[in-house]
Amino acid sequence: MYTKIERIHAREILDSRGNPTVEVEVSLVGGAFARAGVPSGASTGVHEALELRDGDKSRYGGKGVKKAVGHVNNEIAAALIGMDALDQGAVDRAMIELDGTPHKEKFGANAILGVSMAVARAAADACDLPLFRYLGGAAANRMPVPMFNILNGGAHANWQGTDLQEFMIAPVGAPNFAEALRWGSEVYHSLKKVLKDGGYSTGVGDEGGFAPVLKRNSDAMDLIVQAIEKAGYRPGDDVVIALDPASSGFYEDGLYNLRTEGRKVDAAEMVAMYADWAKKYPFLVLEDGLAEDDWEGWKLLNRELGGKLELVGDDLFVTNVERIQRGIEENAANAVLIKLNQIGTLTETVAAVQLAYGANWGAMVSHRSGETVDSFIADLTVALGTGHLKTGAPCRAERVEKYNQLMRIEEYLGASAVYAGRKAFVR
Ligand SMILES: C=C(OP(=O)(O)O)C(=O)O
Ligand SMILES: [Mg+2]
């Protein structure tokens, strides 16, 4: 059968931060071929599947991935060769069972995910279909709102800028994805000018957003509103703001340490700050507003703001159905962030999205702060119809490749494409 897996080969490559990561190639008997690159986070959740690093300090300071590469080339290849690439579920289950640990500690989620992605792409190639069409079927036509991270802080700016990690803009009022991309790029360049004119640095963080040193976190909101207006758009109607404070990164002994402002606050005070911002700013989406195990805080946040904001759990849920199920039962959020490498297979990622949909929750697909030029998540977003994705600033090749792939998909869909717009957000 022409979709049988014939060859699997992994190698070590570099990601956008200059750290090693896994790249996997898969060939099928009929000649189909695909390659996939595995991303890597910096503000990783403690409940994520394991990213296997060598720990050998003589190479890349211990960050090499030769062990993960070896697992792909040996045990995983031996088990998967001869399997049908069209049966993604069976391929992913075989790797999960062979690994046999709860968090993929044996092979590493980086090894398993590279194979999972490359097998899907090889199957799409064998079917002569674009990846989004292979994964999503004939009805997949929903183009996402791009969430551009234009101001970086926290771990993504070496803790030298804002405490909050990501300030994103979302062009909800655009008529289509191509225009949304243009609006986002124009606001990004407008922010550069606003920062330059204000005497701030225009150096960038890990995801390509500017990383100025500011006195208060809310200064970032004011600067972004100015940038939206100066670019000729209406804050709120055309372009809204989304935040990912990644607050697990500054949660210490039960309090949130806002270092730049010199104050430590509790969950209720954080919720009050977000409520105030929701009144003052065109602010619609809040990811990881509270820390990954602060379930009581999240419940309060959802009670207070769940009707106004899309509250997205990233470190809280780590794309893991058990944690998402708990979130649904405890009414702790109304949306989930979706990162393939937090869980380690395509099959489990799709299950996480379906669980969220079943609860009428939103799902936002996401890149990692360490990326390759692989644009798998662009296709995945359209395939699953999530309506929004975040993949950094509209600059830096590893980020724009995802946005550019969405341009190609929108062109391919032609009149069938539907831009999700404001409806993307569940509140
Ligand atoms: C993309 C993110 O960052 P990282 O990849 O560093 O976890 C995030 O926190 O949403
Ligand atoms: Mg996050």
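The structure this text deals with has already been given above.
Note that the structure is a prediction, hence the values are computed from the model and not measured.

Asker: I keep staring at the site of ligand 1 and nothing clicks. Help me out?
Answerer: The immediate surroundings of ligand 1 are formed by 16 residues, with Ala42, His156, Arg368, Ser369 and Lys390 found nearest. For ligand 1, an oxygen atom lies 3.1 Å from a polar atom in the side chain of Asp244. Ser369 is positioned with one of its side-chain polar atoms (N or O) 2.6 Å from an oxygen atom of ligand 1. Relative to its unbound accessible surface of 290 Å², ligand 1 loses 100% to contact with the protein. Class assignment of the residues belonging to the shell around ligand 1 gives a composition of two nonpolar, six polar and eight charged.

Asker: Which parts of the structure should I look at to understand the coordination of the magnesium ion (ligand 2)?
Answerer: In a perfect tetrahedron of four donors around a metal, the angles come out at 109.5 degrees. In a perfect octahedron of six, they are 90 or 180 degrees. Asp244 (OD), Glu287 (OE) and Asp314 (OD) make up the full set of protein donors to the magnesium ion (ligand 2), lying at 2.0 to 2.2 Å. The motif formed by the donor residues of the magnesium ion (ligand 2), counted along the single chain, is D-x42-E-x26-D. With Asp244 in strand β7 (residues 240-244) and Glu287 in strand β11 (residues 283-287), this pair connects stretches of sequence that are 43 residues apart. Summarising the burial analysis for this pair, Asp244 and Glu287 share the class buried.

Asker: Please explain the pairing of strand β9 (residues 255-258) as it appears in this structure.
Answerer: Consecutive residues of a regular strand have side chains that alternate between opposite faces of the sheet. In terms of strand pairing, strand β8 (residues 251-252) meets β9 through two bridges, oriented antiparallel. Following the sheet pairing, Tyr251 is matched in β9 by Tyr256. If you look at the hairpin formed by β8 and β9, you'll find two residues sitting between the two strands, and Asp253 has a positive phi there, around 50°. Where β9 lies against strand β10 (residues 263-265), three bridges are found, and the strand directions are antiparallel. Residue pairing in the sheet places Tyr256 in a bridge with Val265 of β10.

What counts, and where the lines are drawn
Residues numbered from 1 in each chain as written. Chains lettered and ligands numbered in written order. Predicted model: local features only at pLDDT ≥ 70, side-chain atom pairs only at ≥ 80, totals over all residues. Heavy atoms only, no water. Near = heavy atom within 4 Å. Polar contact = N/O pair within 3.5 Å; in protein donor to acceptor, adjacent residues only side chain to side chain. Areas by Shrake-Rupley, 256 points an atom, 1.4 Å probe, with all protein chains shown as cover. Nonpolar A, V, L, I, M, F, W, Y, C, P; charged D, E, K, R; others polar. Donors = N, O, S within 2.8 Å, 3.2 Å for Na, K, Ca; no water. Helix = DSSP H or I, 4+ residues; strand = E, 2+ residues; numbered from the N terminus. Buried < 20%, exposed > 50% of the residue type's maximum accessible area, 1.4 Å probe, protein only. Pairing = 2+ DSSP bridges.

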